[in-house]
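Listed below, chain by chain, are the residues.
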Amino acid sequence: MHQGSRITAVGHYQPARILTNEDLAGMVDTSDEWIRSRVGIRTRRIAGPDEPVDELAGHAAAKALAAAGLTPADVDLVVVATSTAIDRSPNTAARVAARLGIPGPAALDLNVVCAGFTHALATADHAVMAGSASRALVVGADKMSEVVDWTDRSTCVLVGDGAGAAVVEACAPGEEAGIGPVLWGSVPEMGNAVRIEGTPPRFAQEGQSVYRWATTRLPAIARQACERSGLEPADLAAVVLHQANLRIIEPLAAKIGAVNAVVARDVVESGNTSAASIPLALSKLVERGEITTGDPVLLFGFGGNLSYAGQVVRCP
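Quick look at the structure, then.

Here is what the cut-offs are and how they apply
Residues numbered from 1 in each chain as written. Predicted model: local features only at pLDDT ≥ 70, side-chain atom pairs only at ≥ 80, totals over all residues. Heavy atoms only, no water. Phe/Tyr/Trp six-rings, centres within 6.5 Å; stacked < 30°, edge-to-face > 60°. Helix = DSSP H or I, 4+ residues; strand = E, 2+ residues; numbered from the N terminus. Buried < 20%, exposed > 50% of the residue type's maximum accessible area, 1.4 Å probe, protein only. Lys NZ or Arg CZ within 6 Å of the ring centre and 35° of its normal. Pairing = 2+ DSSP bridges. Contact = heavy atoms within 4.5 Å. Axes fitted to C-alpha atoms, helices over the stretch in contact; angles between N-to-C directions.

### Some words on the packing of aromatic side chains
Applying the stated criterion across every chain yields a total of two aromatic pairs. Plain terms: the ring middles of tryptophan 213 and phenylalanine 302 are 6.5 Å apart, the flat faces sit at 70° to each other, and that makes the pair edge-to-face. Here the residue tryptophan 213 occupies a position in helix α6 (residues 207-216), and phenylalanine 302 occupies one in strand β13 (residues 296-303), the gap between them amounting to 89 residues. Take tryptophan 213 and phenylalanine 302: they sit in the same class, and that class is buried. The rings of Trp213, Phe300 and Phe302 are connected pair by pair, giving a single aromatic cluster. Above the face of the tryptophan 34 ring, arginine 153 is positioned so that its terminal group lies 5.9 Å from the ring centre. Between the NZ or CZ atom of arginine 247 and the centre of the ring of tyrosine 211, over which it lies, the distance is 5.3 Å.

### Describing the sheet that holds strand β14 (residues 307-314)
Ordered in space as β8-β14-β13-β11-β12, the five strands form an open sheet in which the pairing is mixed. Edge strands, defined here as strands with exactly one partner in the open sheet, are β8 (183-186) and β12 (262-263). As judged from the four bridges shared by strand β11 (residues 238-241) and β13, these two strands associate in the parallel manner. Paired with leucine 241 across the bridge in β13 is phenylalanine 300. Along the sheet face, helix α8 (residues 246-256) touches β11, β12 and β13 and points at about 135° away from the line of β11.

### Focus on the pairing of strand β10 (residues 202-205)
Pairing between strand β9 (residues 194-197) and β10: four bridges, direction antiparallel. Residue glutamate 197 lies in a different strand from β10, and its bridge partner there is arginine 202. Counting the residues in the hairpin turn of β9 and β10 gives four residues, including glycine 198, whose phi is positive at 100°.

### Observations concerning unusual backbone geometry
Of the consecutive residues serine 89 and proline 90, the connecting peptide bond is found in the cis state with omega at -5°. With omega at -5°, the peptide bond leading from threonine 199 into proline 200 counts as cis. Relative to the helices and strands, proline 200 resides in the loop between β9 and β10. Its identity as a non-glycine residue notwithstanding, valine 113 has a phi of 50°, on the positive side. Relative to the assigned elements, valine 113 resides in the loop between β5 (106-110) and α5 (116-130).

### Some details on the environment of alanine 172
Structurally, the position occupied by alanine 172 is in the loop between β7 (161-170) and β8. Taking the C-alpha atoms as reference points, alanine 172 and serine 5, 167 residues apart in sequence, are found 8.6 Å from one another.

Structure below.
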């Protein structure tokens, strides 16, 4: 029987350009007050035309690797969650491996849109438990600015670009697993509620459908993810939900019952960064010392495909 796995380090990266609500008000018919009251976002980071998704991912991955005290040669699996990579091949994971000089890893991309990172983390955890990987780099990276319609005021105010990464390693013999069992699933018949489709691809969503689903159906599922780890929601030190909208995050966190937890609210400064949002927010909590090593943290991704995946992890 192979050991479980744990996250040993995290890292994140955001492009330098900050786009404020005031900037957006000069582009479409909107205002700072309208945006903050409806989605809670104040700023977002936007990548330049010469900053592809794999570059964002590579920066975050390099930071996580450095924080873990590892070299590129120590990594044997790279999993990148993204839905905004323009090129099909080489995939983003292979390009990240090339950027970092990782020799010969298994390199796979995973597209579950906003729930991508928690799916990728589970995939890496399963690979380590099955004995097919020993150290994995798991990255969530998206460049939503490239797929949004900047004339559509209902969606362009939501999105930002960025990347977050985690190093996943096998636990020592006898050590308790640091990544709990995943609870994952989807609602395929409602998959059209969030879309990135067409040529060129464009992001669109049925905001009310997503809001209702997230605030009514997901709390019970998130609580089940805690139960799978043998924890009560009150035991959680932090809750890191997909950073879609403050008006979804706050009710969902409250309904989970995580009364003692720090609730990540990175959406306020980063917007919705799709697969990047959970590792980005987690890395910032770690960096600021708001959670400490060993703390139980619920990660819960949801959105595109109306997919969801959640697990409790121990803070690196």
